[in-house]
Structure formats: C-alpha cells, structure tokens
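# Structural overview for review
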Amino acid sequence: MSDRKSHWERVYATKRPDDVSWFRPHLDRSLAFLDRSALDMNSSIVDVGGGAATFVDDLVERGFRRVTVLDISASALEASKARLGTMAAEVTWVEADALEHVFSFESVDFWHDRAVFHFLRDEGERARYVGALTAALRPGGHVVLGTFALEGPERCSGLQVARYDAVSLLAELGNGFELIDSAEESHQTPWATTQAFVYVYARRRLCSVNPA
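Residues numbered from 1 in each chain as written. Predicted model: local features only at pLDDT ≥ 70, side-chain atom pairs only at ≥ 80, totals over all residues. Heavy atoms only, no water.

Per the secondary structure count, the chain includes six helices and nine strands. In terms of overall dimensions, the chain is globule-like: its C-alpha atoms have a radius of gyration of 16 Å, near the 17 Å expected for 212 residues. Projected onto its principal axes, the C-alpha positions of the chain cover 50 × 35 × 30 Å. Looking at the chain residue by residue over its 212 residues, the buried ones come to 49%. Long-range pairs, those at least 24 residues apart, make up 72% of the contacts in the chain between residues at least 6 apart in sequence. (Helix = DSSP H or I, 4+ residues; strand = E, 2+ residues; numbered from the N terminus. Rg over C-alpha atoms; globule rule 2.2 N^0.38 Å. Buried < 20%, exposed > 50% of the residue type's maximum accessible area, 1.4 Å probe, protein only. Contact = heavy atoms within 4.5 Å.)

How two aromatic rings sit relative to each other is given by the distance of their centres and the angle of their planes. Under the counting rule described, the total for this entry stands at nine aromatic pairs. With a centroid separation of 5.8 Å and an interplanar angle of 40 degrees, the aromatic rings of phenylalanine 117 and tyrosine 164 are classed as tilted. Here the residue phenylalanine 117 occupies a position in the loop between strand E4 (108-114) and helix H5 (123-136), and tyrosine 164 occupies one in the loop between strand E7 (159-160) and helix H6 (166-173), the gap between them amounting to 47 residues. Pairwise contacts between aromatic rings join Phe33, Phe148, Phe197, Tyr199 and Tyr201 into one cluster. (Phe/Tyr/Trp six-rings, centres within 6.5 Å; stacked < 30°, edge-to-face > 60°.)

In the sheet, strand E2 (residues 66-71) pairs with strand E3 (residues 91-95) via five bridges, with the strands oriented parallel. The partner of valine 69 across the bridge, within E3, is tryptophan 93. In this region the chain leaves E2, passes through helix H4 (residues 74-84) and returns to the parallel neighbour E3; the handedness of that crossover is right-handed. (Pairing = 2+ DSSP bridges. Right-handed = clockwise from strand over helix to strand, strands pointing away.)

Once that is clear, we can look at the nonpolar core. Counting 36 residues, the largest nonpolar core has Leu34, Val56, Val91, Trp93 and Phe110 as the members making the most contacts within it. When contributions to this core are tallied by element, the ones reaching two or more residues are helix H1 (2-14), helix H2 (28-37), helix H3 (55-62), E2, H4, E3, strand E5 (137-148) and strand E9 (194-204). Here the element with the most residues in this core is H3; it accounts for four residues. If sequence neighbours within four positions are ignored, leucine 34 has contacts with Leu39, Ile45, Phe55, Leu59, Phe64 and Phe110. If you look at the next biggest cluster of nonpolar residues, it comprises 29 residues, including Val46, Ala98, Phe103 and Val198. (Core = buried A, V, L, I, M, F, W, Y, C linked by side-chain atoms within 4.5 Å.)

Looking now at the pattern of salt bridges. Scanning the model with the defined rule gives 16 salt bridges in all. Across the salt bridge formed by arginine 24 and aspartate 28, the nearest N and O atoms sit 3.5 Å from each other. Judged by relative accessible area, which is 17%, arginine 24 ranks as buried. Here glutamate 178 makes a salt bridge to arginine 205, at a shortest N to O gap of 3.9 Å. Here glutamate 178 is found in strand E8 (residues 177-188), whereas its partner arginine 205 is found in the segment after E9, with 27 residues between them in sequence. Residue classification places glutamate 178 among the partly exposed residues on the basis of a relative accessible area of 28%. Here the salt bridges share partners, and the residues they tie into one network are Arg4, Asp97 and Glu125. (Salt bridge = Lys/Arg side-chain N within 4 Å of Asp/Glu carboxyl O.)

Turning to the sheet that holds E3, a few remarks are in order. Remark on secondary structure: sheet strands pair via backbone hydrogen bonds, oriented parallel or antiparallel. Taking strand neighbours across the sheet as the criterion, the seven strands line up as E3-E2-E1-E4-E5-E9-E8 in an open arrangement whose pairing is mixed. Bordering the open sheet on either side are E3 and E8, each of which pairs with just one other strand. Geometrically, the sheet is characterised by an average inter-axis angle of 15 degrees between neighbouring strands, direction not taken into account. Judged from the three bridges that link them, strand E1 (residues 44-48) and E4 form a sheet pairing that is parallel. Bridge pairing in E4 places aspartate 47 opposite histidine 112. Running over the sheet, H6 touches E5, E8 and E9 and is turned about 40 degrees from E9. (Axes fitted to C-alpha atoms, helices over the stretch in contact; angles between N-to-C directions.)

This next bit is on the environment of lysine 81. With respect to the helices and strands, the residue lysine 81 is situated in helix H4. Judged by its relative accessible area of 26%, lysine 81 is partly exposed. Put simply, lysine 81 and aspartate 57 are 24 residues apart on the chain and 9.9 Å apart in space, counted from C-alpha to C-alpha. Residues contacting lysine 81, with those up to four places away along its chain left out, are Ala88 and Trp93.

Laid out in structure tokens, this is it:
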C-alpha cells in the first residue's frame, strides 16, 4: 500500500487535475447511469478513486447529500476540496486504499469507480476489491465500473493495467451481480488523443445465486 500511495502522491504533486489522461470536465457516461438508477437525494454514493475527478462536483450540484469520495492520494482529495470551496463541507472525504478501507456493511446505494479497477492486475487484489464492494453495497444497490477497453492503453501513469470488454468486466464482479447495461466510450485526453473505455452498470442481486 505504501508504494501505491507514494506513486499516486507523486502523480498529483507533479500534474494538475486537468492534466492527467483520464480527465473529463463531466463524467457524462457515469451521470447517465446515475440518472437511470432513480436514486433519491438521501442515497449513499461512493466514488472510489474519485480524488481530483469531477464526478463529485456534479453530485453536489444535483443535490445529493450523502456523497463519499475515497482516494489513496491526499493531494488528489485536496485538489477537489479546493475546487469545490465551501461545498466541500457537504462531502465525506476518505484518504485510503480501496483495498484497505471498510465501509459500513450494506450502507452504499451507488458505487462508482472510473479507472481504479484496471490498475488491479493481481487476481487476489481484484478478489479483495470485489469483496469490499459486495460487503459495502446494499442488496439491490448499483455499481458502475469503468476501465480501459481491450483496445485501450496497456499502461497508464507509468503502470501496467488490465483491459476488459463488458463480458469479462462483469465476470470479475461474480454472479452476485446482474447486468443492467454496458457501454463503450472513446475518451479524448486533454492532449487530444483517444483512449477506449468500457463501462459496466450492474445491480447487486437481492439474493445469492449458486454457481452454475
């Protein structure tokens, strides 16, 4: 965890939030999935790896009152706090590794992760992540995972990544989740190159399903 944290602190110490490849002024695809969830304003939303990203801005502006942003980088979180100004007080900020932090059991209604999961190349780490997600998300709760697609980059910020299509990404979640929708996205970086992303929007099943 210390190596991972040091890496991301270096990234955000040397680059502006809008000067990283994954930056978007608005996460339109994620917001569209959120709209489909029809959650009320008291729903618990967690943005994993949301540090300096803009998803939190739109959540606060829309009036969601229980928003948590988790990121391993203190610098990333501080960038968002500075950008939000006084509205930052309306958000819960968690400086932690997504593999280490424990949310209250079945307390989350909507789990959002754009571009954290694809950094987990170790099978054991992915299993830990999915275990943490499943424990935190209430039955019937929603999850959006966004990663590099099969045609996407093999490396990002100096690290190797895993790439997915919708089928393989959903499979990582396991049979405790059912697919609502998936999408592909051609993301334009701040320097006008494109990266292929894939999204899975799924729901935690209300009851467990035995493996086939």
